[in-house]
Amino acid sequence: MAVIPCFYVPKRINVAIMLFMACLLSYMMRVNLSINIIAMVEDTSSNENGTVEVLPDYGPRYNWTQSDQALLLGAYFYGYMITSLPAGTLAEMLGARNVAGYSCLVAGILTALTPAAAAWDKYAVFAVRFLIGFLNGVVYPCCHSLVSKWSPPDEKGKFVASLMGGTFGTVITWPISGVIIENLGWDWAFYIVGIFVLIVVAVWFYLVADTPAQHSSISLKEREYIENSLGNTLSNKKKWPPYKELILSMPFWSLMLLHYGSMWGLFFLITATPKFLSEVLGFNLSSAGVLSSLPHVARLICAFGFGGVADWIRRRDWWTVTKMRKAFCLPSHILPGIMLIILAYFGRDPYVCVAIMTISLGFNGAATASNLANSQDLAPNYAGTLYGIINCVGTTPGIFSPLIVAAFTKNENTIDQWHWIFIIGAAAYILPALFFWAFGSGKIQKWNEVETTESREDIVNTKL
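Please read all numbers here as calculations on a predicted model, not as lab measurements. (Residues numbered from 1 in each chain as written. Predicted model: local features only at pLDDT ≥ 70, side-chain atom pairs only at ≥ 80, totals over all residues. Heavy atoms only, no water.)

(A) Summary view of the state of the cysteines. Tallying each qualifying case throughout the model produces zero disulfides. Here C143 stays free of any disulfide, with the sulfur of C23 as its closest cysteine sulfur at 4.0 Å. Residue C143 is classed as buried on the basis of its relative accessible area of 0%. (Disulfide = S-S within 2.5 Å. Buried < 20%, exposed > 50% of the residue type's maximum accessible area, 1.4 Å probe, protein only.)

Right under this line is the structure:
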């Protein structure tokens, strides 16, 4: 007779925790250069007296111009775009567990090699950052693929919120990097991240499986609960995504634009906030790291809050999924855009600026109930593929925003130059939300269907 453990932790909770950690690793490797680069470059800024203030010695410094720095900060996103596009299909064909796990493993090694690349040449740093982005581009589509297979519908909000591990990665990386840089030097800010990545990847391979059916220690009761709750929306067959139907789908285009707007605001704050706080508002590296993380703390907390509310609404069947996704666009996009407009016109006090940025990104935590969840609604069979495509397009702000900041601050770097940068960010939030209100949907699309007559009828007639 089988022995039933007296204390059983649901395996989907372990999977959700590891999804959180995978996203955390991805963002630790993504954002660490944003603050590390401040200690890596020669300081050529001038104070009010016209004298050059040189930062303390945190290690070797390199003569990288503002344009060079923008290129290096954007390098990650060039590589990220390439693999983000096919990543969902790779996850669905090869298994999300291995694709994400081995990619993080190699990316962690490359992160630890970044100081050696910097000592060689700035283009070596570009190559390393490009490769790290190339490898990390698969992580989020793989995670969405795992969510579609492990998450019961009425737990979807919390599962999607677990992907906010990336936000927590930003939260801890910036302040910790600031402390590491000031005490050990900037090179250790890369080494420690690399070591941590290797440890977490080992745990990932131990705890994660592609589906409940493939998990070695899941209980029969939990497996049946997950599989029965998902019903016939998922197929066991490996099929190529219906790209033609995707291109012609207005709900999909609406989702892509909505996700783009959210990513613009997020990537702008990731790449530009440490620079803004340090060089414009005058905070030191430790303070800049801590204050830069505050908006992301707010986003993380609000993500789980909004995700829980969305699950609560869905369990009670108060709104259709479409109505719910559109309603949550108000806090996830409209309100953050309004806050950036306020920042552009009234942000003169340093702490007021930090407060407004924190409120703006905090509201964007509602993305767990709008753009981050919508690929799961439209096509559970191809959730990874859908997210891979929208994430590929949504990555471009990571390239454009440093270039825009560099263009506006090329000759002078004061709060006045940042006015239009904030206005552009506000428009990127608000306009896609208006489009999604007009054309977005939360219904399962016909092109998701399992190819049988019965499943065709079931999916089309599903009440959402």
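More follows now that the structure is in view.
(B) Spatial organisation of the packing of helix α15 (residues 329-346) against helix α20 (residues 419-439). Closest axis-to-axis distance for the α15/α20 pair is 8 Å, and the angle between their directions is 155°. By the angle class used here, α15 and α20 are roughly antiparallel. Crossing handedness for the pair α15 and α20: left-handed. Taken together, the residues that form the contact of α15 with α20 break down as 19 nonpolar, five polar and no charged. (Axes fitted to C-alpha atoms, helices over the stretch in contact; angles between N-to-C directions. Helix = DSSP H or I, 4+ residues; strand = E, 2+ residues; numbered from the N terminus. Parallel < 35°, antiparallel > 145°, perpendicular 65-115°, else oblique. Left-handed = near helix turned anticlockwise from the far one by under 90°. Nonpolar A, V, L, I, M, F, W, Y, C, P; charged D, E, K, R; others polar.)

(C) Examining the packing of aromatic side chains more closely. This structure, assessed with the given rule, holds 14 aromatic pairs. Aromatic side chains Y78 and F126 sit 6.2 Å apart centroid to centroid with 45° between the ring planes, which places their arrangement in the tilted category. Placement of Y78 in helix α2 (residues 66-94) and of F126 in helix α5 (residues 122-136) is noted, with a sequence separation of 48 residues between them. In this structure Y78 comes out as partly exposed when scored by relative accessible area, which is 32%. The partly exposed category is assigned to F126, whose relative accessible area is 23%. Taking the centre distance of 6.5 Å and the plane angle of 25° together, the rings of F130 and F134 count as stacked. With F130 and F134 both in helix α5 and four residues apart, the pair spans about one turn of that helix. (Phe/Tyr/Trp six-rings, centres within 6.5 Å; stacked < 30°, edge-to-face > 60°.)

(D) Layout of the nonpolar core. Within the largest apolar cluster, 124 residues are counted, with the highest numbers of intra-cluster contacts made by L19, W64, W186, W204 and F276. Ranked by residue count, the leading element in this core is helix α1 (residues 11-40), at 20 residues. Split by domain, the residues of this core number at least three in each of domain 1 (9-42 + 61-224) and domain 2 (242-447). Among residues more than four places away in sequence, those in contact with F276 are L281, C353, M357, I415, W418 and F422. Core analysis: the second largest hydrophobic core is formed by six residues, A310, I313, A366 and A369 among them. (Core = buried A, V, L, I, M, F, W, Y, C linked by side-chain atoms within 4.5 Å. Domains from an automatic or database assignment. Contact = heavy atoms within 4.5 Å.)

(E) Spotlight on α5. End to end, α5 covers 21 Å across 15 residues, agreeing with the expected 21 Å (1.5 Å per residue, within 8%). What α5 keeps buried is the set A124, V125, V128, R129, I132, G133, L135 and N136. The backbone nitrogen of Y123 lies 2.8 Å from a side-chain oxygen of the residue at the head of α5, namely D121. (Expected span 1.5 Å × (residues − 1). Polar contact = N/O pair within 3.5 Å; in protein donor to acceptor, adjacent residues only side chain to side chain.)

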